[in-house]
Amino acid sequence: QVQLVESGGGLVRAGGSLRLSCAASGRTFDSYAMGWFRQAPGKEREFVAAINWSGSRTNYADSVKGRFTISRDNAKNTVYLQMNSLKPEDTAVYYCAADLNNYVRAHERYYDYWGQGTQVTVSS
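Just so we're clear, the structure is a prediction, and the values are computed from it rather than from any experiment. The numbering scheme is per chain: residues are counted from 1 as the chain's sequence reads. Two thresholds apply to this predicted model, a pLDDT of at least 70 for residue-level local features and 80 or more for giving and counting side-chain atom pairs, whereas whole-chain, interface and lining totals are computed over all residues. To get the side-chain values, all heavy atoms of the structure are used, and hydrogens and water are removed first.

## Re the environment of tryptophan 36
Right, so step 1: Inspection of the secondary structure assignment puts tryptophan 36 in strand β4 (residues 33-39).
Right, so step 2: Separated by 81 residues in sequence, tryptophan 36 and glycine 117 place their C-alpha atoms 9.9 Å apart. Only runs of H or I of at least four residues qualify as helices and only runs of E of at least two qualify as strands under DSSP, and these elements are numbered from the N terminus.

This is the structure we're talking about:
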């Protein structure tokens, strides 16, 4: 079992930055990959970024490449999503998820555990 709790969401102006955190508990953190997804109102949940257990491999959606950075601190059992140059279209509920097979995959069907989500709102 893995429990995930996101934090760090909020309201920010376009062009601003936010850092999301996801604290994990349960299964040994440095044995599985982590991902971030988001869901905007009226839209399906979409992949944002993923990172493998060691941090040596990452994967990003084209829409966030160059603006968002995923990282992890295994000593703190936490994965982060640094979001810079935010745009109104980044507004969504952001979810972290755990992939016990340790691949940096983009489809949500591969992820085994999910957090409850944190709201990010970017004003224009």
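Picking up where we left off.
## Notes on the pattern of salt bridges
Right, so step 1: Salt bridge, as used here: a side-chain nitrogen of Lys or Arg that lies within 4 Å of a carboxyl oxygen of Asp or Glu. All told, the structure shown has six salt bridges when counted by the stated rule.
Right, so step 2: Between arginine 67 and aspartate 90 there is a salt bridge, with the nearest N and O atoms lying 2.7 Å from each other. You can see arginine 67 sitting in the loop between β6 (58-60) and β7 (68-73) and its partner aspartate 90 sitting in the loop between β8 (78-83) and β9 (92-99), a full 23 residues away along the chain.
Right, so step 3: Here arginine 105 ties to aspartate 99 by a salt bridge, and the two come within 3.2 Å at their closest N and O atoms.

## Describing the side chain of aspartate 99
Right, so step 1: Following the sequence through the fold, aspartate 99 ends up in strand β9.
Right, so step 2: Residues adjacent in sequence count toward polar contacts only when both atoms are side-chain atoms; beyond that, a polar contact is any pair of N or O atoms within 3.5 Å, and within protein one must be able to donate a hydrogen and the other to accept it. At a separation of 2.9 Å, a polar atom in the side chain of aspartate 99 contacts the main-chain amide nitrogen of asparagine 101.
Right, so step 3: Residues are treated as being in contact if the distance between any of their heavy atoms lies within 4.5 Å. Not counting residues within four places of it along the chain, the set of residues in contact with aspartate 99 comprises Tyr32, Ala33, Arg105, Tyr110, Tyr111 and Asp112.

## Focus: unusual backbone geometry
Right, so step 1: With a phi close to 55°, asparagine 77 is a non-glycine residue in the positive phi region.
Right, so step 2: One can find asparagine 77 in the loop between β7 and β8.

## Re the environment of asparagine 59
Right, so step 1: Structurally, asparagine 59 is set in strand β6.
Right, so step 2: Residues asparagine 59 and glycine 35, spaced 24 residues apart in sequence, show a C-alpha to C-alpha distance of 9.0 Å.
Right, so step 3: In this structure the side chain of asparagine 59 is engaged in a polar contact, spanning 3.0 Å, whose partner is the backbone oxygen of valine 104.

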